[in-house]
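# Breakdown of the fold
Residues per chain are reported as follows:
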Amino acid sequence: MKRILTIQDISCVGKCSLTVALPIISAFGIETAVLPTAVLSTHTAFSGFTFRDLTDDIDPIAEHWKKEKISFDAMYTGYLGSFKQLEIVSKIFDDFKTDNGLVLVDPVMGDNGKLYTGFTQEFADAMAKLCQKADVIVPNLTEASFMLREPFVASGYDEEYIKSTLKKLCKLGAKKSVLTGVNFGDGKLGVYGYDSQTNEYFSYFREHLPKSFHGTGDVFASALLGGLTIGKNLQNALEIAVDFTVESIAATIKNANHNWYGVDFESAFPYLINRIK
């Protein structure tokens, strides 16, 4: 059985980060190891949440793994909250990356043209350096613009703009880049990818559903890595990840009593498992 390591925070309630990555990757039949960077009582959309930084625990955990000769077929980072965490994760990539291993970085920093509270352009520059060590990066357009130090374009862009941005992202060092939240103004929303090794582009779009929910980016990234790890090519993995995300959103909308703080991805697991088979 293959094993993935996912490094990100855990919100005890909130359907994001590790509470999303762990069950979704496991649904692909992959053993999922976790390295929590922080523990929150809830995600940050709640008020009054508690927060405990686990940065000082990361190195001792990694050192124990090395003593036990534990290895990983893939590594996946989501939200990382400090420069020190970026440095530690970069070292973990160096220590645990294998010749055939896969590294996926989701550079979670912002959305809608703005960085999240506490992040700066300097942090985006440091995240761009971490992306040098990735096989696949999955930024949204906001995160891409900050890492490339280019103006954010919210709408009105064309396919050539997206292709150019993807190539620039790969020049940061990643082999493959995927832009999420791409919308050409035709009522569809999707993803666009580029493989710098083959010079191929990949895209997949679905109807833009009328509601958005917290954590859907984590759902997408987790499903994408699951697909790639079980041997799907980038196009097929993108399709699985987008379709599962859309099914999760649709299931949430159908449930009149759904919680406001996350997407009901659990309801879409039968779809995902059948799709994998």
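In short, a report on the structure. (Residues numbered from 1 in each chain as written. Predicted model: local features only at pLDDT ≥ 70, side-chain atom pairs only at ≥ 80, totals over all residues. Heavy atoms only, no water.)

The next thing to look at is the side chain of Asn 140. Relative to the helices and strands, Asn 140 is located in the loop between strand S8 (136–137) and helix H5 (141–148). Of the residues examined, Asn 140 reaches a relative accessible area of 12% and is grouped as buried. A polar contact of 2.9 Å, which involves the side chain of Asn 140, links it to the backbone oxygen of Gly 110. Each residue touching Asn 140, except ones within four places of it in the same chain, is listed here: Gly 110, Asp 111, Leu 179 and Thr 180. (Helix = DSSP H or I, 4+ residues; strand = E, 2+ residues; numbered from the N terminus. Buried < 20%, exposed > 50% of the residue type's maximum accessible area, 1.4 Å probe, protein only. Polar contact = N/O pair within 3.5 Å; in protein donor to acceptor, adjacent residues only side chain to side chain. Contact = heavy atoms within 4.5 Å.)

Right, let's talk about the pairing of strand S2 (residues 31–42) for a bit. Across nine bridges, strand S1 (residues 3–13) lies against S2 in parallel orientation. Its bridge partner lying in S2, Thr 6 is registered against Val 34. Handedness of the β-α-β unit built from S1, helix H1 (residues 18–27) and S2 comes out right-handed. (Pairing = 2+ DSSP bridges. Right-handed = clockwise from strand over helix to strand, strands pointing away.)

The next thing to look at is the sheet that holds strand S9 (residues 176–182). What holds strands together in a sheet is hydrogen bonding between their backbones, with the strands either parallel or antiparallel. Pairing in this open sheet of nine strands is mixed, and the strands run S3-S2-S1-S4-S5-S8-S9-S10-S11 from one edge to the other. At either margin of the open sheet sits one strand with a lone partner, and together these are strand S3 (51–53) and strand S11 (200–207). Where S2 and S3 come together, three bridges link them in antiparallel fashion. Across the sheet, the residue bridging to Val 39 is Arg 52, located in S3. The strands that helix H2 (residues 55–67) touches are S1, S2 and S3; relative to S2, the one it contacts most, it runs at about 165°. Lying on the sheet, helix H6 (residues 159–170) is in contact with S8, S9, strand S10 (188–195) and S11; it crosses S9 at an angle near 140°. (Axes fitted to C-alpha atoms, helices over the stretch in contact; angles between N-to-C directions.)

Leu 5, Ile 92 and Val 105 are the most contacted members of the largest nonpolar core, which has 45 residues in total. Setting aside residues up to four positions removed in sequence, Leu 5 forms contacts with Ala 33, Val 34, Leu 35, Trp 65, Phe 72, Ala 74, Met 75, Tyr 76 and Ile 92. Formed by 40 residues, the second largest nonpolar core is a distinct cluster that contains Val 20, Phe 28, Leu 102 and Tyr 204. (Core = buried A, V, L, I, M, F, W, Y, C linked by side-chain atoms within 4.5 Å.)

As a further point, take the pairing of S1. Residues in a regular strand point their side chains to alternate faces of the sheet. For S1 and strand S4 (residues 74–77), the ladder comprises four bridges, and the chain directions are parallel. Across the sheet, the residue bridging to Ile 4 is Ala 74, located in S4.

In this structure, the second largest pocket encloses a volume near 170 Å³. Each residue belonging to the lining of the second largest pocket can be placed in one class, and the counts come to three nonpolar, five polar and two charged. (1 Å grid on protein atoms, 1.4 Å probe; cavity = no way out; pocket = protein on both sides within 12 Å on 5 of 7 lines; lining within 4 Å. Points joined across faces, edges and corners; volume = space filled by probe spheres on them. Nonpolar A, V, L, I, M, F, W, Y, C, P; charged D, E, K, R; others polar.)

Those residues of H2 not exposed but buried are Thr 55, Ile 58, Ala 62 and Trp 65. End-on, the buried residues of H2 take up no more than an arc of 60°, which puts them together on one face. Away from its buried face by more than 90 degrees, H2 exposes Asp 56 and Lys 67. (Arc of directions from axis to C-beta.)

So, about the side chain of Asp 9. Along the chain, Asp 9 falls in strand S1. Of the buried charged residues, Asp 9 lacks a salt bridge, with Arg 52 as the closest side chain of opposite charge at 14 Å. Residues contacting Asp 9, with those up to four places away along its chain left out, are Ser 17, Leu 18, Thr 37, Ala 38, Leu 40 and Tyr 79. (Lys, Arg positive; Asp, Glu negative; His and termini not counted. Salt bridge = Lys/Arg side-chain N within 4 Å of Asp/Glu carboxyl O.)

So, about the environment of Gln 235. Of note, Gln 235 is situated in helix H8 (residues 234–254). Separated by 33 residues in sequence, Gln 235 and Phe 202 have C-alpha atoms that sit 5.8 Å apart. Residues contacting Gln 235, with those up to four places away along its chain left out, are Phe 202, Ser 203 and Tyr 204. Among the polar contacts made by the side chain of Gln 235, one reaches the side chain of Glu 239 at a distance of 2.9 Å.

The quantities given are spatial measurements derived from coordinates; they are silent on function.
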